[in-house]
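Chain and residue survey
Take a look at the letters that make up each chain.
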Amino acid sequence: MTQITLALSKGRIFEETLPLLAAAGITPSESPESSRKLIIGTNRPEVRLIIVRASDVPTYVQHGAADLGIAGKDVLLEHGGDGLYQPVDLNIAKCRMMVATPVGFDYEGAVRRGARLRVATKYVQTARLHFAAKGVHVDLIKLYGSMELAPLVGLADVIVDLVSTGGTLKANNLVAVEEICPISSRLVVNQAALKLKHGEIQPIIDAFRAASGV
Ligand code: PRT
Ligand code: MG
């Protein structure tokens, strides 16, 4: 029996992946939200799920510790995607990568004047490329979470973060001033595994593609 390992993160990606798994005939034997297990079996004896941090999914797949995984485009942009085949945009966990500032901050004016901006973000690669393309000089400040706090306490002028409803920005008196790119989650596949286990992996890719309507 050829074993197939799929890397997923808890939370929104897991929830939105369940219907795609169902379309591929895969039902997890328990929920990662209620179980502390990091390896979860499924109704198909050859298929197992591993539960990892969202930002670690590409690493597990790149090194072949998982054959497939599901990761946000935000995570893939930061990771670089080396060694990963990305066959399907699953259209799940959608949001937008945005530049945001405190309400009243003159972002356009600062850009026009050629001001140097302090940018706090978890997405330093994405931010670096975005501001370099605009010709804006930035000091990047790497954070691991709660970016919204940084401009409120004088750590940064602007943030680069994901926005979905906009509720978090609003609650912190921030406003989105520029879209960097739309974000959704992608199926990622280890290239060697796809060749070696083609008979097992290709049907999963096909089922995910059909179920995600793209
Ligand atoms: O939480 P952890 O540190 O383990 O990792 P993570 O935050 O990367 O994982 P998780 O599960 O929170 O997010 C997984 C993936 O979901 C991300 O990689 C994105 O591709 C996608 N996604 C979709 C989002 C959002 N929407 C989103 N809104 N990820 C994060 N957010 C956060 C955002 O950073 C901000 O803090 O939600 C807040 C804004 O939401 P609104 O609705 O208030 O605008
Ligand atoms: Mg999170």
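Quick caveat: nothing in here was measured; it's all calculated off a predicted structure.

A look at the site of ligand 1
Around ligand 1 sit 22 residues in total, of which Ala 54, Gly 72, Cys 95, Thr 165 and Thr 168 are the nearest. Listed by contribution, the elements that provide at least two residues to the shell around ligand 1 are α1 (12–23), α3 (73–79), β9 (158–163) and α6 (167–171). Among the elements that make up the shell around ligand 1, the one with the highest residue count is β9 (three residues). Split by domain, the shell around ligand 1 shows at least three residues from each of two domains, domain 1 (4–93 + 184–211) and domain 2 (95–182).

Considering the sheet that holds strand β11 (residues 185–190)
The strand order across the open sheet built from six strands is β2-β3-β1-β4-β11-β5, with neighbouring strands paired in mixed fashion. This sheet does not close on itself; its edge strands, each paired only once, are β2 (39–41) and β5 (84–89). Strand-to-strand twist across the sheet, computed as the mean angle between neighbouring axes with direction ignored, equals 30 degrees. Both β5 and β11 contribute to a ladder of four bridges, which runs antiparallel. Bridge pairing in β11 places Leu 84 opposite Asn 190.

Brief notes about the pairing of β11
Burial analysis of β11 places six of its six residues in the buried class, which makes it a mostly covered element. As paired strands, strand β4 (residues 68–72) and β11 are joined by five bridges and run antiparallel to one another. Considered in β11, the bridge of Gly 69 is made with Val 188.

Overview of the UniProt feature "domain: ATP phosphoribosyltransferase catalytic" (unreviewed entry) in the protein
UniProt's feature table lists "domain: ATP phosphoribosyltransferase catalytic" (unreviewed entry) at residues 53–209, given in the numbering used throughout. Span residues 53–209 is 34% helix and 32% strand, its end C-alpha atoms 24 Å apart.

Here we look at the environment of Pro 32
Its location among the elements puts Pro 32 in the loop between α1 and β2. Given 18 C-beta atoms within a 10 Å radius, Pro 32 is considered partly exposed. Residues Pro 32 and Lys 10 lie 22 residues apart in sequence; the distance between their C-alpha atoms is 6.4 Å. Not counting the four nearest positions on each side in its chain, Pro 32 is found in contact with Lys 10, Phe 14, Ile 40 and Ile 51.

Description of the environment of Asn 172
Its place among the elements puts Asn 172 in the loop between α6 and β10 (174–183). Separated by 20 residues in sequence, Asn 172 and Leu 152 have C-alpha atoms that sit 7.9 Å apart. Apart from the residues within four sequence positions on either side, Asn 172 is in contact with Glu 148 and Leu 152.

Rules behind the numbers
- Residues numbered from 1 in each chain as written.
- Chains lettered and ligands numbered in written order.
- Predicted model: local features only at pLDDT ≥ 70, side-chain atom pairs only at ≥ 80, totals over all residues.
- Near = placed C-beta within 6 Å.
- Helix = DSSP H or I, 4+ residues; strand = E, 2+ residues; numbered from the N terminus.
- Domains from an automatic or database assignment.
- Pairing = 2+ DSSP bridges.
- Axes fitted to C-alpha atoms, helices over the stretch in contact; angles between N-to-C directions.
- Buried ≥ 20, exposed ≤ 12 C-beta atoms within 10 Å, placed from the backbone.
- UniProt positions renumbered as here; feature names shortened; annotations may be inferred.
- Contact = placed C-beta atoms within 7 Å.

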